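Structural overview
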Amino acid sequence: MSHITLDCTGLPCPQPVLRVRDAVTQGAGRLEVLVDNEAAKDNVLRFARSQGYTAASADRPGGGFAISLAADGDPAARTEASACRCAAPAALRRVYVISSDSMGRGSEELGWALMQTYIQTIRELSPLPDKILFYNSGVKLVTAASGALDALRELQDQGVEILACGTCLDFFQLKSAIQVGQISNMYAIVEAMADADKLLSPF
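My aim in this report is to walk through the structure given alongside it, one point at a time. It should be emphasised that the depicted structure is a prediction, and the values quoted were computed from it without experimental measurement. (Residues numbered from 1 in each chain as written. Predicted model: local features only at pLDDT ≥ 70, side-chain atom pairs only at ≥ 80, totals over all residues. Heavy atoms only, no water.)

A look at the overall build of the protein
The secondary structure content of the protein amounts to seven helices and nine strands. Looking at the protein residue by residue over its 203 residues, the buried ones come to 39%. Pairs at least 24 apart in sequence give 70% of the contacts found in the protein among residues at least 6 apart. (Helix = DSSP H or I, 4+ residues; strand = E, 2+ residues; numbered from the N terminus. Buried < 20%, exposed > 50% of the residue type's maximum accessible area, 1.4 Å probe, protein only. Contact = heavy atoms within 4.5 Å.)

Here's what the structure looks like:
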């Protein structure tokens, strides 16, 4: 198996994940990925594991992380198995996109209240979505200030994946306030949209 090192220090989201994706696509069996922040570390680990790689990270002297990735079996076999799984009939993949903390125009206070109700109503629908994506001011809904947290936790417990844009959380200085879901990146958000059979949004 080939063994390469990717120095992704200083790269903005989602570049570290994109560089790992390119290496995986080219059949790299073992990789060491260097990143300088925790969000990049978590995103690379999550992506690698989703591709069938074992992954572990270690702190680097002076700061940052070194992430070790190893292919779990033959990459060609993983690709072939994945193709077989994709060929099987599957339920429609529904993805909700929440790009604001307010629903509609006019009163911000009313829009905030409507958005809480909107999310609470999602859990009453069948089938449930595969994912709910939060970006821009929508990320405020996964933080301690949100009245939608109970509904989101219940959805997460039922298998709904909740992704919040890490760049957006940083912009609003809310990364430490996240209460539900996982911090994600633009690559994962765009990939989820592209893979969805049906996108839904209150906007």
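Digging into helix α1 (residues 15–25)
Residues of α1 that are buried: Pro16, Val17, Leu18, Val20, Ala23 and Val24. The secondary structure elements touched by the buried residues of α1 are β1 (3–7), β2 (30–35), α2 (38–50), β3 (53–59), β4 (65–71) and α7 (186–195). Of the residues trailing α1, Gly27 is marked for its positive phi of about 90°.

So, the sheet that holds β1
Read across the open sheet, the four strands follow the order β1-β2-β4-β3; overall the sheet is mixed. Whereas interior strands pair on both sides, the edge strands pair on one side only; in this sheet they are β1 and β3. Taking the axes of each pair of neighbouring strands and ignoring which way they run, one obtains an average angle of 15° across the sheet. One ladder, built from seven bridges, connects β3 with β4; its direction is antiparallel. In the sheet register, Ser57 faces β4, and the bridge partner there is Ile67. Taken strand by strand, α1 contacts β1, β2, β3 and β4, and its axis lies near 165° from that of β1. Sheet strands touched by α2: β2, β3 and β4. Its angle to β3, the strand with the most contacts, is close to 160°. (Pairing = 2+ DSSP bridges. Axes fitted to C-alpha atoms, helices over the stretch in contact; angles between N-to-C directions.)

Observations regarding unusual backbone geometry
Excluding glycine, a negative phi dihedral is what most residues carry, and trans is how most peptide bonds are arranged. The omega torsion across Ser126 and Pro127 is 0°, close enough to zero to call that bond cis. Inspection of the secondary structure assignment puts Pro127 in the loop between α4 (108–122) and β6 (131–134). The backbone of Asn136 sits at a positive phi, close to 50°, despite the residue not being glycine. Its identity is not glycine, yet Gln173 carries a phi of approximately 55°, on the positive side. Relative to the helices and strands, Gln173 resides in the loop between α6 (166–171) and β8 (182–184).

Notes on the side chain of Ser146
By the element assignment, Ser146 lies in the loop between β6 and α5 (149–157). Engagement of the side chain of Ser146 in a polar contact is seen with the backbone oxygen of Leu141, the distance being 2.9 Å. A polar contact is formed between the side chain of Ser146 and the backbone nitrogen of Ala148, at a distance of 2.9 Å. Not counting residues up to four positions away in its chain, the partners in contact with Ser146 are Trp112, Gln116, Lys140 and Leu141. (Polar contact = N/O pair within 3.5 Å; in protein donor to acceptor, adjacent residues only side chain to side chain.)

So, the packing of aromatic side chains
In total, this model carries three aromatic pairs according to the counting rule given. Seen from their ring centres, Phe47 and Tyr187 are 6.0 Å apart, and the 80° between their planes marks the pair as edge-to-face. Taken together, the residues span a long stretch of sequence, with Phe47 in helix α2 and Tyr187 in helix α7 at a distance of 140 residues. Considering the side-chain rings of Phe171 and Phe172, the 5.1 Å spacing of their centres and the 90° angle between planes classify their relative orientation as edge-to-face. (Phe/Tyr/Trp six-rings, centres within 6.5 Å; stacked < 30°, edge-to-face > 60°.)

Some points on the pattern of salt bridges
Side-chain pairing between opposite charges can occur once the charged atoms of the two side chains come close. Under the criterion given, the structure shown has nine salt bridges. Across the pair Asp101 and Lys140 runs a salt bridge, and its minimum N-O distance is 3.9 Å. Of this pair, Asp101 sits in the loop between β5 (94–98) and α4 while Lys140 sits in the loop between β6 and α5; the two residues are 39 residues apart in sequence, bridging distant segments of the chain. Relative accessible area serves as the criterion here: at 15%, Asp101 is assigned to the buried category. A relative accessible area of 27% means that Lys140 is categorised as partly exposed. Here Arg153 and Asp150 are joined by a salt bridge, their closest N and O atoms 3.5 Å apart. Taken together, the positions of Arg153 and Asp150, both in helix α5 and three residues apart, correspond to about one turn of that helix. Under the relative-accessibility criterion, Asp150 is labelled exposed at 57%. Where salt bridges share partners, they join Arg123, Glu124 and Glu154 into one cluster. (Salt bridge = Lys/Arg side-chain N within 4 Å of Asp/Glu carboxyl O.)

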